[in-house]
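Residue strings, one per chain:
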Amino acid sequence: MSELPGAGARLPATPITAQDINGGPDPERRAPFVITAPGVYALVEDVDWVAPDANARAITIASDDVTLDLRGRTLRQIDPPAPVVAPGPGARPCRGEVVSGNVGVFAEGRTRLVIRNGSVLGIQGVGIAARACSQLDLLDLSVRRCGGDGVFDTGFLCRNGGIFVMGARDAAGGVAFAAGIRMINCVCSENTSRLDFVVTLGALVLFCDDVQVKGCVFNRTANTSAQPSGVQFNVVGADFVICRNVLVEDCEAHDNTSGGEPAGFFAWGENYKFLRCRANRNFTLTGNRACGFNISTTSNLEMVECEADGNYNANPAASADAVKDFSALGFRIGRAVYRGLIEGCRALGNHGASANAPAGGFALHSTRHVVLRRCVAVGNRNASGTAEDDGLAAGFIASTPLADPQGGLVGGEGNAFVDCIADGNTVHRTPLFVQPPAPPVDAGPSRGDPQKGAGFLLDRQRDARIIGCQSANNDGKGIWLRACARALVEGNTLSRNTLYGIQDEDPAGLSAFTGNRAHLNGSRHRHNYVGLPPGTPVRKWTLGSPPLDGPSDGIANLSTRLP
């Protein structure tokens, strides 16, 4: 093939035409398009690809040191073939019936690859897939409307969607990490499917080490099925699974939805940092769970200045399965997350209608030594909390839903909330919009039981700390400790919460309450502290009365009430 002239500092490139990708000049001998030598390769025109079979790849990279430059062009699949359906469960690599899938750009076992500057559209399966490739750059790509009726066996569930970067398992079943992955300024949008038992993703990063994902958008991923493939979540904007040393910076994952369980970002592994990322309006109408961020089974987590707003679940029966940990959340940190710092993050308006499980802003589930500092949870709500059900609502939740096989519970130890704000979290639902398009979760007014609401809810925690926080205007309690032991609740301000300022309910051991300030909480504002250990110093002051006698100190808790 002839070479394209260079443009500026651009290296000469080998041109790729639509005819090349569609099998070459002889229509009777359609050959797959495979890059077999190092160099720069470039699309010279938009390509409408007609796959010869249900497992075909449009472009295969079979060499190291390759740059594939789409030059702003679009690789589009048209007239996708009928998918291959397995005759029975024994013939299937995954649980679903479909066992075939196309790939737009595919590479396996290669190093020093660059794929850049263009669009991949409408692939029945996966737009771009790289397995066991290291030193891989994915730059300025748009991958849209992929998935459909195709699947890709990742070695860890069958999946479909936009961009997949994967390590592999070795012969002994161990993980062989792909290393040195960069995904910069990419958009994975409108990747959708309807297949049961398939996970549909904007992007998948699986078994990878030394990963940077910057300036990317993962939005409008969808799968109408309510049947996940062996995991809770069957739709995720960006899914990081069993990875380590990962930086996700200035990315967003919004408006991802599922008939089952959707999340904006999912992460599982070791040494993750999310910096200035946003996960908004991820939702389900019929599934058990929906959240902005879902971080699970991870050690050494850092999240800085991230936000998760307006994630919701419109299913009143949500989380009616065996694990009733939540129905809708902004940030879900758990299960078994160990050592983490969540700093300067915010969760606003996350909401649900479930009678079976909590909705809220931030939730720690079975975590150890996770610190939330300067975080804000405002206006998170659950419309179905009553005295008879588990429809809780709170700005911040820490709980231990996982049973340890050796006995007891997993985690729930050493977590801390420092200088955080919980305001206006509620178990009531008054429709936010009185005319279309109102979110379905707001259909009809509902008023829950404030006994099921709080700014901060700590359940079965040990050695927890709530220090210097503000909890105001919440339905229910400002700070609610339930079956906790050895907690330190110090220097917090509780104001105008509808039931109590602080409640220590059914303690599993003594906790310390010092230097808190409670104002105008509860009925007639006389319920600032409930259930505190005997001997806890509380200095009472009624508005309009003379100043308190005696010196003020930092140990006594101040209780302010109306006459």
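The rules behind each value
- Residues numbered from 1 in each chain as written.
- Predicted model: local features only at pLDDT ≥ 70, side-chain atom pairs only at ≥ 80, totals over all residues.
- Heavy atoms only, no water.
- Helix = DSSP H or I, 4+ residues; strand = E, 2+ residues; numbered from the N terminus.
- Rg over C-alpha atoms; globule rule 2.2 N^0.38 Å.
- Buried < 20%, exposed > 50% of the residue type's maximum accessible area, 1.4 Å probe, protein only.
- Contact = heavy atoms within 4.5 Å.
- Areas by Shrake-Rupley, 256 points an atom, 1.4 Å probe, with all protein chains shown as cover.
- Lys, Arg positive; Asp, Glu negative; His and termini not counted.
- Charge placed at Lys NZ, Arg CZ, Asp CG, Glu CD.
- Polar contact = N/O pair within 3.5 Å; in protein donor to acceptor, adjacent residues only side chain to side chain.
- Core = buried A, V, L, I, M, F, W, Y, C linked by side-chain atoms within 4.5 Å.
- Disulfide = S-S within 2.5 Å.
- Pairing = 2+ DSSP bridges.
- Axes fitted to C-alpha atoms, helices over the stretch in contact; angles between N-to-C directions.
- Phe/Tyr/Trp six-rings, centres within 6.5 Å; stacked < 30°, edge-to-face > 60°.
- Lys NZ or Arg CZ within 6 Å of the ring centre and 35° of its normal.
- Salt bridge = Lys/Arg side-chain N within 4 Å of Asp/Glu carboxyl O.
- pLDDT = per-residue confidence, 0-100.

Peer 1: Quick question: what am I supposed to make of the overall build of the protein here?
Peer 2: Counting its secondary structure elements, the protein contains one helix and 56 strands. Taken over the C-alpha trace, the protein has a radius of gyration of 27 Å; the compact-globule value for 563 residues is 24 Å, and the two agree within 12%. C-alpha extents for the protein along the principal axes are approximately 95 × 50 × 45 Å. Counting every position in the protein, which comprises 563 residues, the buried fraction comes to 57%. In the protein, the proportion of contacts linking residues at least 24 apart, taken out of those at least 6 apart, comes to 73%. Carbon and sulfur atoms make up 52% of the accessible area of the protein, which totals about 21100 Å². Taking the 52 positively charged and 55 negatively charged side chains of the protein as two groups, their mean positions are separated by 4 Å.

Peer 1: How should the side chain of Asn-474 be read in this particular structure?
Peer 2: Structurally, Asn-474 is set in the loop between β47 (470-472) and β48 (477-482). By relative accessible area, Asn-474 is classed as buried at 0%. Separated by 3.0 Å, the side chains of Asn-474 and Asn-497 make a polar contact.

Peer 1: I tried to follow the nonpolar core on my own but got confused; where do I start?
Peer 2: Counting 98 residues, the largest nonpolar core has Phe-218, Phe-265, Phe-274, Met-303 and Phe-417 as the members making the most contacts within it. At five residues, the largest contribution of residues to this core is made by strand β24 (residues 235-249). Apart from residues lying up to four places away in sequence, Phe-274 is in contact with Val-248, Phe-265, Ala-267, Phe-293, Ile-295, Leu-301, Glu-302, Met-303, Val-304 and Cys-306.

Peer 1: Before we go on, may I ask you to explain the state of the cysteines in this structure?
Peer 2: Each disulfide is one covalent bond, formed between the sulfur atoms of two cysteines. A full pass over the atoms with the stated rule returns zero disulfides. Not engaged in a disulfide, the cysteine Cys-133 finds its nearest cysteine sulfur in Cys-208; these two sulfurs lie 9.7 Å apart. Looking at Cys-133, the relative accessible area reads 1%, which means it is buried. Left without a disulfide partner, Cys-146 is nearest to the cysteine sulfur of Cys-188, which lies 8.7 Å away. Residue classification places Cys-146 among the buried residues on the basis of a relative accessible area of 1%.

Peer 1: Even after reading the chapter, I still don't get the sheet that holds strand β38 (residues 376-378), so can you show me in this structure?
Peer 2: Sheet strands pair via backbone hydrogen bonds, and the direction of the pair is either parallel or antiparallel. Strand order in the open sheet made by the nine strands is β30-β34-β38-β42-β47-β50-β53-β56-β55, with parallel pairing throughout. This sheet does not close on itself; its edge strands, each paired only once, are β30 (307-309) and β55 (538-542). Across the sheet, the mean angle from the axis of one strand to that of its neighbour is 5°, orientation sign disregarded. In this sheet, strand β50 (residues 493-495) lies alongside β47 in parallel orientation, the contact comprising three bridges. Residue pairing across strands places Ala-472 opposite Ser-495, the latter belonging to β50.

Peer 1: What exactly am I supposed to notice about the sheet that holds strand β23 (residues 222-223) here?
Peer 2: Pairing within the open sheet is parallel, and its eight strands lie in the order β12-β19-β23-β25-β27-β31-β35-β39. Two strands close off the open sheet at either side, each with one partner strand: β12 (147-148) and β39 (381-382). Both strand β35 (residues 351-352) and β39 contribute to a ladder of two bridges, which runs parallel. Across the sheet, Gly-352 pairs through a bridge with Asn-382, a residue of β39.

Peer 1: Looking at this structure, how should I read the environment of Thr-542?
Peer 2: Here Thr-542 is to be found in strand β55. Measuring from C-alpha to C-alpha, the distance between Thr-542 and Thr-560 comes to 5.7 Å, with 18 residues separating the pair along the chain. Ignoring anything within four residues of it in the chain, the contact list for Thr-542 reads Arg-561, Leu-562 and Pro-563.

Peer 1: Hey, could you run me through the pairing of strand β56 (residues 557-561) in this one?
Peer 2: Across a regular strand the side chains alternate sides, sitting on one face of the sheet and then on the other. Along β56, four of the five residues are buried, which leaves the element largely enclosed by surrounding structure. Pairing between strand β53 (residues 517-519) and β56: three bridges, direction parallel. Bridging from a neighbouring strand, Arg-517 pairs with Leu-558 of β56.

Peer 1: Which parts of the structure should I look at to understand the environment of Gly-122?
Peer 2: Position of Gly-122 among the secondary structure elements: in the loop between β9 (111-121) and β10 (125-131). In this structure the C-alpha to C-alpha distance between Gly-122 and Arg-144, which are 22 residues apart in sequence, comes to 6.4 Å. Excluding residues that lie within four positions of it along the chain, Gly-122 makes contacts with Gln-77, Arg-144, Arg-145 and Cys-146.

Peer 1: Explain the packing of aromatic side chains here, please?
Peer 2: The way to describe two aromatic rings as a pair is by their centre distance and the angle between their planes. Within this structure, the stated rule accounts for 17 aromatic pairs. With centroids separated by 6.4 Å and ring planes inclined at 80°, the aromatic side chains of Phe-240 and Tyr-272 adopt a geometry described as edge-to-face. With Phe-240 in strand β24 and Tyr-272 in strand β26 (residues 262-275), this pair connects stretches of sequence that are 32 residues apart. Like Tyr-272, Phe-240 is buried. Here the aromatic rings of Phe-265 and Phe-274 are separated by 5.8 Å at their centres, their planes lie at 70°, and the arrangement is edge-to-face. Counting every residue linked through ring pairs, the aromatic cluster contains Phe-218, Phe-240, Phe-265, Tyr-272, Phe-274, Phe-293, Phe-331, Phe-362, Phe-396, Phe-417 and Phe-456. Over the ring of Phe-177 we find Arg-244; its NZ or CZ atom is 3.9 Å from the centre of that ring. The aromatic ring of Trp-480 is capped on one face by Lys-477, whose charged end is 3.6 Å from the ring centroid.

Peer 1: I would appreciate a short explanation of the pattern of salt bridges in the present structure.
Peer 2: Note that side chains of opposite charge can pair when their charged atoms are close. This structure, assessed with the given rule, holds 27 salt bridges. The salt bridge involving Asp-48 is made with Arg-76; its shortest N-O contact spans 2.7 Å. In this pair, Asp-48 sits in strand β4 (residues 47-49) while Arg-76 sits in strand β7 (residues 74-77), placing the two residues 28 residues apart along the sequence. Since its relative accessible area comes to 36%, Asp-48 is described here as partly exposed.

Peer 1: I would appreciate a short explanation of the confidence of the model for the protein in the present structure.
Peer 2: Reading predicted coordinates in detail is not appropriate for stretches of low pLDDT. Across the protein, the average pLDDT comes to 90, with 92% of residues at 70 or higher. Taken as a whole, residues 1-9 scores under 50 in pLDDT and shows 15 contacts with residues more than four places along the chain or in a different chain.

Peer 1: How should unusual backbone geometry be read in this particular structure?
Peer 2: Note: most residues except glycine have negative phi, and most peptide bonds are trans. Here the amide bond leading from Gly-334 into Arg-335 is cis, since omega sits at -10°, within 30 degrees of zero. Topologically, Arg-335 is positioned in the loop between β32 (328-334) and β33 (338-343). A positive phi is found at Glu-190, a non-glycine position, where the angle reads about 60°. You can see Glu-190 is positioned in the loop between β18 (187-189) and β19 (192-193). Backbone geometry at Arg-496 places phi at a positive 55°, although glycine is not the residue there. The topology assignment puts Arg-496 in the loop between β50 and β51 (500-505).

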